[in-house]
Every structure is written in structure tokens, then in C-alpha cells.
Amino acid sequence: MSWTDGDAYLDEVAPGIYAYVQPHGGWMVNNCGVITDGSGDTVLVDTTSTERRNRALLAEIAGVGANDPRIAVNTHHHPDHTYGNGFLPASTTIIGHHGCREGVLRAGLAATRELLADYGDLSVRPPDVTFADALTLHLDEFPVELIAMGPAHSTNDVGVWLPEQRVMFAGDLAFSGGHPIFMEGSMLGFRAALDRMRALDPVALVPGHGPACRGEEVARVLDELTAYVDFVAALARDSHAAGLTPLEAAQKSQASGDSPYRDWPEGERVVCNLHRAYVELTDDEPARPLSIPQLWPEMVALAGGPIETHA
Ligand SMILES: [Zn+2]
């Protein structure tokens, strides 16, 4: 199947609850969520990376009567999920973890200089309302629970959980059909977040990248991600014991062709995940920050050339 950026679509995972899926879900190409209730309240989950993509998102959700969201939630601070905040109406309240606000302000528009694309006229707009652990939005007809689950993919991950519909908007706590990345957060935290989501027993799960999952597919995707973490952890233990750097370990694994994930896109992320795994195996301070820009050259080395973004 080939995707073009005209193919973003709304996928109704429960009545009035939509995943906004942007194929094919790689770097800077994320999913959003749209939550509507009968009273006209709308909650948007995440924005996206460029002016063109955000205008397309707002046009698409206008079609389901959700063009003027009362609330937008940022699942974490990464630019693909937050660069569109500035295109939301001034009346929209944006909510995120305390660390999300800090992250948006700290990062600014730096990613536009690393991942080149036509971003349009971006402005930095962090969450207005922040929280540490959990917050419940009481829409007229049902609640929406914001649950802090990081550090995991990032330092400030929030899952958006609809307990009545049993729908989980996972942000980048879940990926479907590509390599996850947990370098900036915690490998063990990422695994724990998968357990927390599994324990909620969602009937639908909207990952931050890749198609929405329903029914038995939810457990399959969560189990696959847990197995992925265990694969990286084992590779890190063996490679660290053998004295290899994370890049050498990733290159050796790639050359062997043995990885069960060799056909997943964004394979360059393995080196990032190994860096985090090494920190957690060896470091007294497992919260030591690692950043994507810092490791970009190693990802380029592993990919064997420039890394594509379709933003
Ligand atoms: Zn992210």
C-alpha cells in the first residue's frame, strides 16, 4: 500500500470518538484524537507538525462538527504532537503534563532545523493548564481521564482514557507498525506504561503513529511492544557485556538480519533505544537526559544515509 499525505482520515473508534490517522506515521507524522459528545463539547487530542497538516486536521474535524475544540490535550511535548497548538482558536484551553509545558518552551522550533520540511508559519504555544498525575475532564455526557504514565516515551507522557467507551489515546506510549522510541524517557517506564494500558483492557487503542487498533488487535499490539522492549533489553545486556557501544550493537544486530523487527520502518531508532537501555543498565541516575538531536548522527550512521521525514 502506498500512502500520500492526502490520505489522512478520521476513524470512528466509538460513537463520536475518532482517531485522526496520518499515514504512514513516521517521523513528524503523528495521529490525533477527536472526542465529541452530544452537547457539542469537543476535546482534541494532540495537534500535528506543520501548518498544512494542522489546517487539514481542522478542516477534517469541522466535518464532524468539532472545528472549535473547547479543550486540546497534548499527550507529550514532542513537536509532531504540539507544533499545531498555535493554529487552534485562542479560546481553546490546552492541557498537558507540567513537563510538557516545560518541554514545548525549551524545545521551541529547534526541530525544524533538524528535520527539514515546509512547516509554514509556526508559533510556540505551550499548554495553559498543567498537572502532575491525573486530571478528569467532565464532559456533559461522559468523563475523559488524563493519566500521567511517564517517564516512558518521553518525560511527560499522558494517556487519554475514556472509561465508559474503553478507548485509549496512547500518544507515543504506543506505535503500530513501526519502531517505538523511548530514549528520552525510560525503557522500563515504557514497559510499565504498556502494562498499565493493558490492565485497563481497552476495546480500542489509538497509537501516536500508525493505524488505530480494535478488539484483539489491542492486546496484540501491546504484547508486541512489550516483546520489543524485552528484545532491546536483552540486546543491550549482551552487547554491553561484550564491550560494544550502542551504535556498534545496533549495527551488529542489523548486519545479522536476526532482529524480528528488521522489516519495521524507522529502524534507526534502535540505536536510541539502546542508549537508554545502556543508561538503565549502568547508570546510577537513570533519569539522565538523552535527546534526539544529540543522537541524530548515530541514527544517520545506522540508517546508512539521511533520515526521511514526510512532514
Ligand atoms: Zn513523541
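Residues numbered from 1 in each chain as written. Predicted model: local features only at pLDDT ≥ 70, side-chain atom pairs only at ≥ 80, totals over all residues.

### Things to note about the overall build of the protein
And step 1. Helix and strand counts for the protein come out as nine helices and 13 strands.
And step 2. In terms of overall dimensions, the protein is globule-like: its C-alpha atoms have a radius of gyration of 18 Å, near the 19 Å expected for 311 residues.
And step 3. Across the 311 residues in the protein, those meeting the buried criterion constitute 46%.
And step 4. Relative to all contacts within the protein whose residues are 6 or more apart in sequence, the contacts with residues 24 or more apart total 69%. (Helix = DSSP H or I, 4+ residues; strand = E, 2+ residues; numbered from the N terminus. Rg over C-alpha atoms; globule rule 2.2 N^0.38 Å. Buried ≥ 20, exposed ≤ 12 C-beta atoms within 10 Å, placed from the backbone. Contact = placed C-beta atoms within 7 Å.)

### Some thoughts on the domain arrangement of the protein
And step 1. Domain parsing of the protein yields domain 1 (5–229) and domain 2 (231–303).
And step 2. For domain 1 versus domain 2, the distance between C-alpha centres works out to 26 Å.
And step 3. Taken together, the contact pairs 15 residues of domain 1 with 23 residues of domain 2.
And step 4. Sorting elements by how many residues they give to the side of domain 1 that touches domain 2 places helix H6 (residues 216–241) first, with three residues. (Domains from an automatic or database assignment.)

### Some points on the nonpolar core
And step 1. Counting 69 residues, the largest nonpolar core has Val73, Leu205, Val206 and Leu274 as the members making the most contacts within it.
And step 2. For this core, the element with the most residues is H6, which contributes eight residues.
And step 3. Two domains share this core, each providing at least three of its residues, namely domain 1 (5–229) and domain 2 (231–303). (Core = buried A, V, L, I, M, F, W, Y, C linked by C-beta atoms within 7 Å.)

### So, the sheet that holds strand E1 (residues 9–14)
And step 1. Spatially, the seven strands line up as an open sheet ordered E1-E2-E3-E4-E5-E6-E7, and their pairing is mixed. With one partner strand each, in any of the chains shown, E1 and strand E7 (129–131) form the two edges of the open sheet. In this sheet, adjacent strand axes meet at a mean angle of 20° when their direction is disregarded.
And step 2. Across four bridges, the pairing between strand E3 (residues 32–36) and strand E4 (residues 42–45) is antiparallel. Within the sheet, the bridge partner assigned to Gly33 lies in E4 and is Val45.
And step 3. Sheet strands touched by helix H1 (residues 51–62): E1, strand E2 (17–21) and E3. Its angle to E2, the strand with the most contacts, is close to 150°. (Pairing = 2+ DSSP bridges. Axes fitted to C-alpha atoms, helices over the stretch in contact; angles between N-to-C directions.)

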